Amino acid sequence: MPPELLGEMSIHHRLMDNGSMRLLKLLLIGAMMLVASELCGQTTFEVASVKQGVPFPGRPDLYIMRGGGIETGDPGQFTATRIPLLNLILWAYGRIPSQVASSRSLEMDRYNIVAKVLPGTTAAQVRVMMQNLLAERIGLVVHHEVQRGPIYELVVAKSGLKMKSAEPVPSGADDSSSAGLPAGVSLGKDDSLQLAPGRHNWILERIDASTMRIAARVLDLPDLIRIMERQVGRTVIDKTGLSGKYDLDFTFTRAAGPAADPDVGLAATGAASDPSSDFFSAMQSQLGLKLVPRKGPVDVLVVDKWNKVPAGN
């Protein structure tokens, strides 16, 4: 599963201890991406450079993407290095690979992008800016089609819902950040990431080579579904009937793969798409939710055309 497929505000953060890298973790934080009509203010970058890129020597599956928006580690600048067009589209439009289609390969053409982000710009706005930048600089043209395909329906398990209703912000709570982390996120004694109650955050954290952790605060069902889609690689349709906001924290195992460097994206890392995998059983036992395989409508973003060579630099 390519990283940065979600439509969420995200930050890539490398934890350091006395100059040496600690356990590499992929940290994804934020409120889910807003659709363009919900955004106000600037929708284009003030200054941006888009150039052709090439794969890293000996590591064609790697690319770098960081920053861009007030929720990220580098709010004043968005940087992408040697990133495949597919991953740019997935990030900008908040998609997973099964929701994007093209008659041409979207992974062959790579780009190096550096864009200035004005103070106060959110990561969700940066994603919309990226959509506009791709249209302007490489002539990206897309359209939507509803196609029938494999999906999952999210339902409450027979054992009952186990997620807890979201806790409010405690009175007198300290909203400051620490260790370079965003507000509401702190580092525990065991190096695990801790989320403050009452603040809309979520994380995907690699605990070890095969164990992942997802934690969230003040999460609603649309946000949760986007998280589930990233893990299972399919469109997820809500059939729970739930409408509240929830706090959750659960772990699951998946096949070991390349270490998740929070500053370096991996073009592929096996998704937990098998209903017999631990991710599915962890959802039932820890959250009281179940994903049921079905056939149904899938909103597919069809990429019609783009130019290999960027313009306007």
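Refer to the structure printed above.
Parameters and conventions
Residues numbered from 1 in each chain as written. Predicted model: local features only at pLDDT ≥ 70, side-chain atom pairs only at ≥ 80, totals over all residues. Heavy atoms only, no water. Phe/Tyr/Trp six-rings, centres within 6.5 Å; stacked < 30°, edge-to-face > 60°. Buried < 20%, exposed > 50% of the residue type's maximum accessible area, 1.4 Å probe, protein only. Lys NZ or Arg CZ within 6 Å of the ring centre and 35° of its normal. Helix = DSSP H or I, 4+ residues; strand = E, 2+ residues; numbered from the N terminus. Pairing = 2+ DSSP bridges. Salt bridge = Lys/Arg side-chain N within 4 Å of Asp/Glu carboxyl O.

A. Expanded view of the packing of aromatic side chains. A complete count under the given rule lists 6 aromatic pairs for this structure. Both rings, one in Phe-279 and one in Phe-280, keep their centres 5.9 Å apart while their planes meet at 85 degrees; by these two values the pair is edge-to-face. For the pair formed by Phe-279 and Phe-280, the shared burial category is buried. Taken together, the aromatic side chains of Tyr-152, Phe-250, Phe-252, Phe-279 and Phe-280 make up a single cluster linked through ring pairs. The ring of Phe-56 has Arg-82 lying over it, and the distance from NZ or CZ to the ring centre is 4.4 Å.

B. Structural detail: the pairing of strand 4 (residues 62-67). Within strand 4, 5 of the 6 residues are buried, which leaves the element mostly enclosed by the surrounding structure. When strand 4 meets strand 5 (residues 77-84), the two strands line up antiparallel, connected through 4 bridges. Its bridge partner being in strand 5, Arg-66 is matched across the sheet by Thr-79.

C. Seen up close, the pattern of salt bridges. Considering all chains together, one arrives at 10 salt bridges under this definition. For Asp-61, the salt bridge is made with Arg-59, and the minimal N-O distance between the two is 3.3 Å. Notably, a salt bridge pairs Asp-109 with Lys-308, separated by 2.6 Å at the nearest N-O pair. Of the two residues, Asp-109 is situated in the loop between strand 6 (100-102) and strand 7 (110-116) and Lys-308 in the segment after strand 17 (289-305); the sequence distance between them amounts to 199 residues. Classification of Asp-109 by relative accessible area gives buried; the value is 6%. Overall, the relative accessible area of 45% leaves Lys-308 in the partly exposed class.

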